[in-house]
Amino acid sequence: MEIKLWFSLIVLSAITTSALGDFGGPLVGGFYKESCPLAEEIVKHNVEVAVLKDPRMAASLLRLQFHDCFVLGCDASVFLDTHGDMLSEKQATPNINSLRGFEVIDYIKYLLEEACPLTVSCSDILAMAARDSVFLRGGPWWEVLLGRRDSLTASFAGANQFIPAPNSSLESLIVNFKQQGLDFQDLIALSGAHTIGKARCLSFKQRIVQPNMEQTFYVDEFKRHSTFRRILRSQCKDSSRDNELSPLDVKTPAYFDNHYYINLLEGKGLLISDNVLVSEDHEGEIFKKVWEYAVDKDLFFLDFVESMLKMGSINVLTGIEGQVRENCRFVNI
């Protein structure tokens, strides 16, 4: 066991190092080593406190990075409040009454401004917080590549257009990820983030009211997936319960592991956009990878890290582009 863990850490280190040349661009490891040496420790400690108070916060912070990177790029545009003619991405349909964790980032930013004024960007804080959230829930650790700067604007329209919907088809998910420079391998690996967190009934209501929404790959003699749908129906039986929450991973909701993929093979993915990875994969390539992750957690962790590094470099601002915001919610005056 110790040898296997040691090998995994060596490979993760190799992936992180190779990322600099492959898709890291101007982002580098240890970016704040001289300018703000305690930056990563400050982020880690306060994410840990936040997750201890609210375990669901780990998934919320990870989700924040997805929703940020898929719009204008990984530039902290998701944090900007509405100001003047600029509508906040927080008000977009995929985000409103759904995204959380803003106050955690606000507090970390406050502490970093006290320690190192106008040095650590909000986009880098989010990248570090997402990594620490995964690790605190039992997932892999990786060196986050840093050096991002923050955007000067947000895109309400972009948030409505580019963030995948929970009822997306497989075809639309593939197209959506391709628009971000991500391939179907990244889609499968990053979907594994749904091994932690919860979703509102409103997000998966269509999955439980429409017939034949699930597909399994074994003889379901005990009707497990039918039972699962009945449980979901009881939780979300009318519109008054639209905001009721259910775990995305019914087996190990508090741990970052590979049970998400086991759930998919059993027809127990919560969202339609989860289940389509197996139910709409007519070529079989995606199903094959889902199966590989279901039986090999270490493989999933390795690929997840690589895809997170790749996603974290989408359209980043560096150098003199953008700015380092003093307050993540507002552009500097």
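Look above for the structure.
Please read these numbers as outputs of a predicted model, since none were measured by experiment.

1. Some points on the state of the cysteines
- Applying the stated criterion to the full structure yields 4 disulfides.
- Cys-122 shares a disulfide with Cys-328; S-S distance 2.1 Å. In this structure, the disulfide formed by Cys-122 and Cys-328 twists by about -100° around the S-S bond and is classed as left-handed. Here the residue Cys-122 occupies a position in helix H5 (residues 122-136), and Cys-328 occupies one in the segment after helix H14 (297-311), the gap between them amounting to 206 residues. When sorted by exposure, Cys-122 lands in the same class as Cys-328, which is buried.
- Within the protein, bonded cysteines paired by disulfides and numbered along the sequence follow the pattern 1-4, 2-3, 5-8, 6-7.

2. Section: unusual backbone geometry
- At Asn-97, a position not held by glycine, the phi torsion is positive, near 55°.
- Relative to the helices and strands, Asn-97 resides in the loop between helix H3 (57-69) and helix H4 (102-115).
- Residue classification places Asn-97 among the exposed residues on the basis of a relative accessible area of 68%.
- Backbone geometry places Leu-118, a non-glycine residue, at a positive phi of 50°.
- Mapped onto the elements, Leu-118 comes out in the loop between H4 and H5.
- Here Leu-118 falls in the partly exposed class, since its relative accessible area comes to 48%.

Rules used throughout
Residues numbered from 1 in each chain as written. Predicted model: local features only at pLDDT ≥ 70, side-chain atom pairs only at ≥ 80, totals over all residues. Heavy atoms only, no water. Disulfide = S-S within 2.5 Å. Helix = DSSP H or I, 4+ residues; strand = E, 2+ residues; numbered from the N terminus. Buried < 20%, exposed > 50% of the residue type's maximum accessible area, 1.4 Å probe, protein only.

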